[in-house]
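Residues per chain are reported as follows:
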Amino acid sequence: MVEVVPTRFGAGPGAVRPRFLPNESVRSSLDVVGSNCRWPILRENVRAGSMMLVHAVSSSSFLPSRLSPSCRLRTKNNSASSRKAQAKKNIRDRQPLDGDSQSADDVREFQAGKNSPPSPDVNLPRGAEGNGAGTATAQIESLLSPDQMNQAPESVALDGGADTKIEIPQPVKEKEDMKTSKVSLPNRGSSNEEGGSSGVSVNDLMLMIKEAEKNIILLNQVRARALEELENVRSVKDDLQGQVHVLSARLAEADARAKLGDQAKEKNKILEGELNSLQARLDEKELEAKAALQLKAEYVTLQQQAQNLAARLEASSAAGSEVKVLKSQIEDYEEEVKNLRKRVADLNVKEEVVQRLEGEKQTVQEYAHCLELKLAEVEEKEIENARLKAREAVLQAELVRLKAELEETSDASLVTPQLVKETDLLRQQLQALQESMKSAEEDQLALNMVQAENAALREQVQILQQRILESDTEIRQQLELYQDEVEAFQSSLEGLKADSGLGIAQVPVGEMPWDFWSNLLLRIDALMLGKQLSLDDGLELRIMAWRREARIRDAYVAVQNEKDADVAAGLTELTKLKKKPGYHVVHIAAEMAPVAKVGGLGDVVTGLGRALQKKGHLVEIILPKYDCMDYSRIKNLKVLDVELYSYFDGQTHKNKIWLGIVEGLPVYFIEPHHPAKFFWRGQFYGENDDFKRFTYFCRAALEFLLQSGKKPDMIHTHDWQTAAVAPLYWDIYVSQGLDSARLAFTCHNFEYQGVDAPGALASCGLNVQQLHRPDRMQDNFVHDRVNLLKGGIVFSNVVTTVSPTYAQEVRAPEGGRGLHLTLAQHSKKFLGVLNGIDNESWNPATDPLLEFQFSADDLSGKYANKAALRTRLGLAPSEGDDDRPLVGCITRLVPQKGVHLIRHAIYRTLECGGQFILLGSSPVPSIQREFEGIARDFDQHPHIRLVLKYDEALSHSIYAASDMFVIPSIFEPCGLTQMIAMRYGSIPVVRKTGGLNDSVFDADDSSYPEEKKNGFTFSAANEGGLNFALDRAMAYYRTNRQWWRNLVTRAMKMDYSWDHSADEYIDLYRQCLERSKTKL
């Protein structure tokens, strides 16, 4: 048996040096294939075949078998001596090669059968199919049958049968243990004489190699075709992915159209409501037409009476007594004429109603046209859905075809795992597309329903239009007939008055002849041209004459025969009587209670506005039209039929203006039609682009004031959200004519300042280079930012904050949050005005949310509310004389409010024998989780209850039921809860900061007069300070009930309404306007 050394030809120790090499290129090809073949089982067979070829060629059996005995002997001796010499040389020169990974010990172990041959796994690179490696691989594959390639171990016999075998170690497939296998080749020769072994003849081996080369060529061709098909599959896959992306985009568009369909459905519902309203108005119109007919009948009767009266006047012209009676009758008749004219005026108003209905009808028609357009879009969407379905079917068929082609591919190794993964991903995308198509079909059904509803609605609109046209025609005919009769009646009445000799002063203003009014207008013009009347006075007198007012008639009749100077003096007295009743104040704000309230800002805007309105001033509010407002609290909400365009981001954008009444105040809501949908976000604040949202609103609000022609005396803005109004006003709008107003700015909390990059100012049209300066809007901390709050301070005429103490606190670095230097520079125009509360909204005697109303003079309802709240929240009822006080706390759980002190107050109240109720939540997740844990600990506790949400009705009940109210704020600009608590008889326990220090005065502080004491205070923001105040309140409650009731009564009677604060603001407005007039 001949052992094959497991190394390449001439590559290491023990390698056999052949004396004859029939085909050097074949041998090298086999060596390369043995290293680079991709199939493990074939790779090892190629290696074994390479070694087998080397040993077969180098052995004596490779020589021709028929030699003479002498030649055989020489060959034998020469070969023996040569082998001995070569062995000695190999021992001396044996050195391991760098590329050989086995040592001599490894070779010896392999020869002993312990190890397997090396099996490097190197894949051929793409494009190397034509080299010798691929050819040799096919040769060896052609020598072995498929069963032999997959079988281990295998034996291939050389010439000589079972005694002559070459054992070739061979590994099995990947991920299996290496095993030694035998490869048997067919016996093609005879045994030699030397050792009874036989070899393969050269001719047979060459034939085998040629066959192998042919097979290699065929294999390369097959492989090339397979690679081409693989490239085709990949290109088809890329095309399919692109089509999937396109279909996904179309599907997103279909979803957007579906949303438009939903919006159209909602608008249809609104249109149905408007249709019902129009129907009701039409019914009212029919009733009014009947009333007009009745009025006509009364007029006919009255005309007959006038004719009888004229006949009596002609018959008794000589009798003086009868003339007096006739005059009295004429006076009565004139009263009836006045009543008749009132009815005519009412009828004119009804005509205006008809015109308004026509306008609304036109609006309905336009909306119906819009619906038709949307229906056309829906039909287009249906066509698009059909195309999508067809495309989906094509893609599905293509996917099935590709899958079949892949399965038919003979070379399974060409289908890489990556291709399989990508194909699965494509299949998932198609499945997602199918699901989306199903949802699109459902949307289509909904749109079909909307289409049917629209058709029915159009029919109703057409019927309504027909009825309105008929009613309009009938009413116009009646009005024309009635006006003709009235004109005839007026002419006859003027004749009667002329005959009876009545004076001009006795004639009603409306019955004065037109000659009189024309003469008055000409006289006024003459006085103006003669410089005896000023231009303003003359224009005002002309308007009075135009309106035919009684006061100018009477004044002119008294002086019409006098000199021009006397006439001018008499008429000028009329203009002096006309005085402006108050200031015109426009508030531009981001909040207003109760429609858009987040914090105290909304309460201030509403409370201050109502207080100014009650004092005779004209107050108007401008707000953004949020989608999340409480629209139920807005009365008479309607949209103006005007288009307001404002500048932003280099172009103009359309805005809608809505009108409404909130708490008795006129409010304008601005709805931007900007692509970013600034105020359709579902929340008031907290968006990443809040800076852009509110600078847009500021620009639009000023544009509205300019285009509406308003001339306010004061524009009052609030917090950073509307602070941009000040620089916009002075830099842009004063030069355009909006220059009548002066600016007031109120900062409610210096914690929030509206800081952004300087370029953000350019969006609303401001000059960044001019404003990004230390003395203007550059932020004092971060110099590459602009600060809107700082801009409001710098560019406003008067600046306020919400309490005097807070005004002092913000002048320090900690309280001012970096703006203390700016406030110091503008200290002359900065002061604090304490906020107030609306006594009408917060009144325990009339509060509809309380089960029992009460007042300072009768506290029985407060005790009843306390018992009811305990029952509602599951707290223990009173025992005996009710010596257990109830402590309330209503707040946002944020660090500013002193959450660590609120938590301590819960446990301290329990230690002191009281009950505690907390109402509120936290936007900070960690704080919210902490108090949720406390709430779970006290879930069934008889004396502690935490309600971690905001409930308006429950807040009123807590104010009314609690005996004490804890407000341990770290800083508090003003605070309204302490004022509301005192209004409801709950004694505040507060920390002395900001507005708390200005409104709560300690009961034990002798520096305050007795009538001013209303609570308990502490200074240190720690648990000891809170204990000091809370323990004293508990002790007074237990030990001196009468003193406590007197304290409650005194606190309830204190006036913290907006009345006094509104007077302070009015005084500020007056000083500001007087200074501006002085400068002018």
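Above this text you will find the structure in question.
Residues numbered from 1 in each chain as written. Predicted model: local features only at pLDDT ≥ 70, side-chain atom pairs only at ≥ 80, totals over all residues. Heavy atoms only, no water.

Q: Explanation requested: the packing of aromatic side chains in the structure shown.
A: Two measures describe an aromatic ring pair: the distance that separates the ring centres and the angle between the ring planes. Per the stated rule, a full pass over the model turns up 26 aromatic pairs. Look at Tyr-626 and Phe-679: their rings are 5.5 Å apart centre to centre, the planes differ by 90 degrees, and that puts the pair in the edge-to-face class. In this pair, Tyr-626 sits in the loop between strand S2 (618-624) and strand S3 (635-639) while Phe-679 sits in the loop between strand S6 (665-672) and helix H15 (690-707), placing the two residues 53 residues apart along the sequence. The exposure classification of Tyr-626 matches that of Phe-679, with both residues buried. (Phe/Tyr/Trp six-rings, centres within 6.5 Å; stacked < 30°, edge-to-face > 60°. Helix = DSSP H or I, 4+ residues; strand = E, 2+ residues; numbered from the N terminus. Buried < 20%, exposed > 50% of the residue type's maximum accessible area, 1.4 Å probe, protein only.)

Q: What am I meant to see in the sheet that holds strand S16 (residues 964-967) here?
A: Strand pairing in a sheet relies on backbone hydrogen bonds, with the paired strands running either antiparallel or parallel. Ordered by their spatial adjacency, six strands build an open sheet running S15-S14-S13-S16-S17-S18, and the pairing between neighbours is parallel. Single-partner strands in this sheet number two, and they are strand S15 (944-947) and strand S18 (1016-1018). Across the sheet, the axes of successive neighbouring strands diverge by a mean angle of 15 degrees, strand direction being ignored. Examined bridge by bridge, strand S14 (residues 915-919) and S15 share four bridges and lie parallel to one another. Counted as the bridge partner of Leu-919 is Val-947 from S15. Against the sheet, helix H24 (residues 899-911) engages strand S13 (886-890), S14, S15, S16 and S18, with an angle of about 155 degrees to S14. (Pairing = 2+ DSSP bridges. Axes fitted to C-alpha atoms, helices over the stretch in contact; angles between N-to-C directions. Contact = heavy atoms within 4.5 Å.)

Q: Looking at this model, I keep getting lost on the nonpolar core. Mind explaining?
A: Within soluble globular proteins, side chains that are nonpolar generally end up buried alongside one another. Residues Ile-622, Phe-750, Phe-931, Phe-1016 and Trp-1044 are the most contacted members of the largest nonpolar core, which totals 167 residues. No other element matches the ten residues that H15 contributes to this core. Taken domain by domain, the makeup of this core includes at least three residues from each of domain 3 (584-832) and domain 4 (859-1056). Counting residues in hydrophobic clusters, the runner-up holds 19 residues, among them Phe-516, Leu-520, Met-544 and Leu-571. (Core = buried A, V, L, I, M, F, W, Y, C linked by side-chain atoms within 4.5 Å. Domains from an automatic or database assignment.)

Q: When you look at the pattern of salt bridges in this model, what are you seeing that I'm missing?
A: Oppositely charged side chains can pair when the atoms bearing their charge come close. Applying the stated rule across the entire model yields 34 salt bridges. The salt bridge involving Lys-692 is made with Asp-649; its shortest N-O contact spans 3.2 Å. Here Lys-692, found in helix H15, pairs with Asp-649, found in the loop between strand S4 (644-648) and strand S5 (651-662); they are 43 residues apart in sequence, far enough to count as distant. The exposure class of Lys-692 is partly exposed, given its relative accessible area of 30%. Of the charged contacts in the structure, one is a salt bridge between Glu-972 and Lys-897, with a shortest N-O distance of 2.9 Å. Of the two residues, Glu-972 sits in the loop between S16 and helix H27 (977-983) while Lys-897 sits in the loop between S13 and H24, which places them 75 residues apart along the sequence. Residue Lys-897 is classed as buried on the basis of its relative accessible area, which comes to 14%. Overlapping salt bridges bring together Arg-610, Lys-614, Arg-633, Glu-663, Asp-838 and Glu-840 as one network. (Salt bridge = Lys/Arg side-chain N within 4 Å of Asp/Glu carboxyl O.)

Q: Sorry if this is basic, but what is going on with the packing of helix H10 (residues 514-529) against helix H12 (residues 550-559) here?
A: For any two helices packed against each other, the geometry is given by the interaxial angle and the distance between the axes. Interaxial distance between H10 and H12 falls to 12 Å at its minimum, and their mutual angle equals 75 degrees. Our classification of the angle between H10 and H12 gives roughly perpendicular. Taking contact as the criterion, the partners of Phe-516, Trp-517, Asn-519, Leu-520, Arg-523 and Ile-524 in H10 are, on H12, Ile-552, Arg-553, Tyr-556 and Val-557. Taken together, the residues of the contact of H10 with H12 break down into seven nonpolar, one polar and two charged. (Parallel < 35°, antiparallel > 145°, perpendicular 65-115°, else oblique. Nonpolar A, V, L, I, M, F, W, Y, C, P; charged D, E, K, R; others polar.)

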